[in-house]
Structures are given as structure tokens and as C-alpha cells.
Amino acid sequence: MSNWKVMKLSEVATIVGGGTPSSSKSEYFENGNIPWITPKDLSGYNKRYISKGERNITELGLKNSSAKLLPKNTVLLTSRAPIGYVAIASNEISTNQGFKSLVLNDGHIPEFFYYLLKNNVHILESRATGSTFKEISGQILKDTELSIPTPDIQQKIVDILSPLDDKIELNTQINQTLEQIAQALFKSWFVDFDPVRAKVQALSDGLSLEQAELAAMQAISGKTAEELTALSQTQPDRYAELAETAKAFPCEMVEVDGVKVPKGWEVKELGSLMTIKRGGSPRPIKDFISDKGLNWVKISDATAEDNPFLFSTKEYIKSEGLSKTVLLKKGSLILSNSATPGLPRFLELDACIHDGWLYFSDIKSLTQEYLYFFFLNIRNDLVAQGNGSVFTNLKTDIVKAQKAIVPDERAIYYFDKQVKSIMNLIKYNTANSISLKETRDLLLPRLLNGELNG
């Protein structure tokens, strides 16, 4: 520990507060080119670096506020509730008054201070003051003393932790891409009906049924006719499956209940295709919350990660509360109906759900995978139908009355076949990231306590 020294943060960095213009004049924000970060931009943020927020501010806006232009590699810390969000600026930015930021002195490593602050959030929170809302003042942060090593040790610690976060962030990016691919597939097949429309267009152009099937194969695969010919030679099994998939789509569009759909497909209310019920909560809930017991799924568990799967819960309830709630098995699909409504999630654990969740049973004609992407696709419309003065609530009847396209079972089969492989990859990457986070969180306090040779 000879290379470590207890120092005030003011000895290693300039502490800079954020600010907001005294009025919300449009000229302070319209066409602004300076990223303006708010705590909301870091809510649920799982990356170390941030380059932009929801809004930009103009130079005039900066001049009319106490906000400053912060250089690249500034370490951002939310100093008002929620206290303790941390990120590193990957370019010049500014922040609102909910931040106290560290502009590090030369030689110090931004990534090290990112980890240092995250590991000491509890200390910072304990020093926050205020009667209406808690805040860490600039002076409190300046006077906060932490054990800080020399820059070479800082770098060694970063070299151990950063590869773990690199892999976690890469997994997240891959998962986002995979889910976008699956969403695009759902939209193409079941919203825009691209394979069907390709057949309809080919036949209307006077082409043969065989050529119409080829057009559908192109729509499904995104390949040209020449590329499909090559595929038939290099991957005959893949070509044959693609041909069978194309045959699952009709050659004609018809009108059903005022909606144009592929011939033979139906339009039905969800309530006629499944049983939809709400979860339940034992009351008063505080008497049933426990450190162990039955997994208790909260909306915050779903919003903490942008991921289709819920692997864990932060809270548990006592078994005595089981009669007043709903226990679901691993693999169940649930849908949030309050606070942040319209979020579908798959449970990766047996868990109890409160009345802020809907669940589904006795599903006919459709599958859980189809429903997951169906809910993602209609989420904005669903939320618009909700009600509530404080929170938007999706009544069960709203979801039951929602009309859905019911495709031919062969189209559902081929959709599930493709999507399940994508979802399994997402699940694998997520499990890998959870393991990496556990390793990182185990190493972090040890490394910051000086348990590193040198």
C-alpha cells in the first residue's frame, strides 16, 4: 500500500457543477450542438462512456446558466437523487445541475475514478444533505477523502477491470442487434406481409407461381435471385428450408374486419386466444418483503436491463404471502401494466408477480415468442390506451380487446424456429454478462483496497 495515499478529491480533480438556463427559451436548446446530460440519461445506463443525452444545448444556453463545457474524459457523478450514477464523457459535454463532475488533473486515469466512485457510492450517499431532497454539494465532494494509488497502479487496476466491462458491453451490443433482427423479421412477416406482397406483385406482373415463390424467398432472405441460385448449390438444405418457408405464405391479400391480411389468416382479439390475468400483491407488502424466500418481480427489475429475459430479482417475499400473489414458472411471458407499461419479459426463474404485471395461459394459435414481438410492436398503441392520473395503467380488458393477426400455423412454426435460435443467443450472452459482472464486482473492492501486488 506504499503506492496508495488518502487524498481529498480536490487534490486530484477540479470539481465542476452543472447548470440549467434560467428559462426554457427555445433558443437555448434548438439546434444546439453541445451534448447536455441529465441524470435521466444515465438511468439504467450500463456503459462506462457517454457521448450524448436526449438534448443538446446551445452556446447561448451555456452562457445563460452555470453549466460549463466539460472536456473529454471528465468523470460525471449524479449528485442529486438518484445519487451515484457514474459515467465518463467520451467527448466535450455539459450537464444540468444534477451533477458534480471531476475534471481530473493530468496523469490520473478516468476509468480508475469511474470504478472508484462506483465502489464508494454508499459513502457519498451518506454525506448528502438537504431537507426536501438529498444532494452532495461541491464542497462535500471536494472534501471527500479516498485512498488513491499512483497513476501506474490506477492503470493496472483498469487493465484488470476494463476487459470485463468491454465484454459485457459487447454482449449488450450484440444482444441489441440480435433483437433488432428478430423485430425486423416479425414486422416483415406479420405487419408488412412482405413475403405475401412479393408473391402478389409477381403474379400481378404475369409471372408464374414458381417465380412468385422465388420472389417470396428473396423477400424473406434479402438475397437476390443470383444469390439464391448460388445458395442452392452451396447450402442445399438451407435453400430447401427457405423454399418451404416461402410456401407457408399465401399468394393473396383479403379484407378481414376492415383490415387487409393474407388469405387464410385471421384477425382475433387476444382475449379469445388465451387467458389473461393480473398478478397479485399481499398487503401490506412491507410485511412480506424478505431477504430470502420467493422471487418477487418488480417493474424496476425489468427496466434495469434492456433485455428480454429476467434472470434475478432484487427482492423476495415470504412464503406466507403466496396465497395473495401469483407464482409463475421459469419460461413464462409477462407484460407490465403499470409504471412502465407494455414491457414484455420472459422469466428465467420461478417468481411471484404483483398486480403491476399481466400473465398468459391457455394460449391458442399463437406462441409466447410471437406474443413477445407482437407486444413490442404495438407497445406505443397499448400505452396510448392506458389511463391513470399519475401512472399509465393497462387494464386487463384493454389487452384482451387488442386485435392480433393469427397467421397460418406453418408461418408461426418457421418464425419460431428462427426467432428461438436468436433468443437463445441473447439468453446465452446475458448469462455470460451476469457471470462477468459477478467477477468484476468481486474484484472491484479488493482491487480498490490495495490487494494488488506493487
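Quantities reported herein were computed from a predicted structural model and do not represent experimental measurements.

**Concerning the overall build of the chain**
(1) Moving on: Along its length, the chain carries 14 helices and 24 strands.
(2) Moving on: Along the three orthogonal principal directions, the C-alpha set of the chain runs to about 80 × 60 × 55 Å.
(3) Moving on: Long-range pairs, those at least 24 residues apart, make up 72% of the contacts in the chain between residues at least 6 apart in sequence.
(4) Moving on: Accessible surface for the chain amounts to roughly 22,400 Å². Of this, 48% is attributable to carbon and sulfur atoms.
(5) Moving on: Of note, the chain has its 52 positive side-chain charges centred 5 Å away from the centre of its 54 negative side-chain charges.

**Quick notes on the packing of aromatic side chains**
(1) Moving on: Taken as a whole and judged by the stated rule, the model has 24 aromatic pairs.
(2) Moving on: When the centroid spacing of 6.1 Å and the interplanar angle of 75° are considered together, the rings of phenylalanine 193 and tryptophan 265 count as edge-to-face. One end of the pair, phenylalanine 193, is in the loop between helix H6 (151-190) and helix H7 (194-204); the other, tryptophan 265, is in the loop between strand S12 (259-262) and strand S13 (266-269), with 72 residues separating them in the sequence.
(3) Moving on: Over the ring of phenylalanine 29 we find arginine 55, and its NZ or CZ is 3.8 Å from the ring centre.

**Things to note about the packing of H6 against helix H14 (residues 409-448)**
(1) Moving on: Relative orientation of the contacting elements H6 and H14 amounts to 165°, with a least axis distance of 9 Å. The angle between the axes of H6 and H14 places the two elements in the roughly antiparallel class. Seen along the crossing, H6 lies across H14 with a hand that is left-handed.
(2) Moving on: Of the residues in the contact of H6 with H14, the class split is 25 nonpolar, eight polar and five charged.

**Observations regarding the sheet that holds strand S8 (residues 94-95)**
(1) Moving on: Ordered by their spatial adjacency, three strands build an open sheet running S5-S3-S8, and the pairing between neighbours is mixed. The open sheet terminates on both sides in strands that have one partner only, identified here as strand S5 (55-57) and S8.
(2) Moving on: Bridge count for strand S3 (residues 34-37) against S8 is two bridges, and the pairing is parallel. Each residue of the ladder has a partner; that of isoleucine 37, found in S8, is threonine 95.

Thresholds applied
Residues numbered from 1 in each chain as written. Predicted model: local features only at pLDDT ≥ 70, side-chain atom pairs only at ≥ 80, totals over all residues. Heavy atoms only, no water. Helix = DSSP H or I, 4+ residues; strand = E, 2+ residues; numbered from the N terminus. Contact = heavy atoms within 4.5 Å. Areas by Shrake-Rupley, 256 points an atom, 1.4 Å probe, with all protein chains shown as cover. Lys, Arg positive; Asp, Glu negative; His and termini not counted. Charge placed at Lys NZ, Arg CZ, Asp CG, Glu CD. Phe/Tyr/Trp six-rings, centres within 6.5 Å; stacked < 30°, edge-to-face > 60°. Lys NZ or Arg CZ within 6 Å of the ring centre and 35° of its normal. Axes fitted to C-alpha atoms, helices over the stretch in contact; angles between N-to-C directions. Parallel < 35°, antiparallel > 145°, perpendicular 65-115°, else oblique. Left-handed = near helix turned anticlockwise from the far one by under 90°. Nonpolar A, V, L, I, M, F, W, Y, C, P; charged D, E, K, R; others polar. Pairing = 2+ DSSP bridges.

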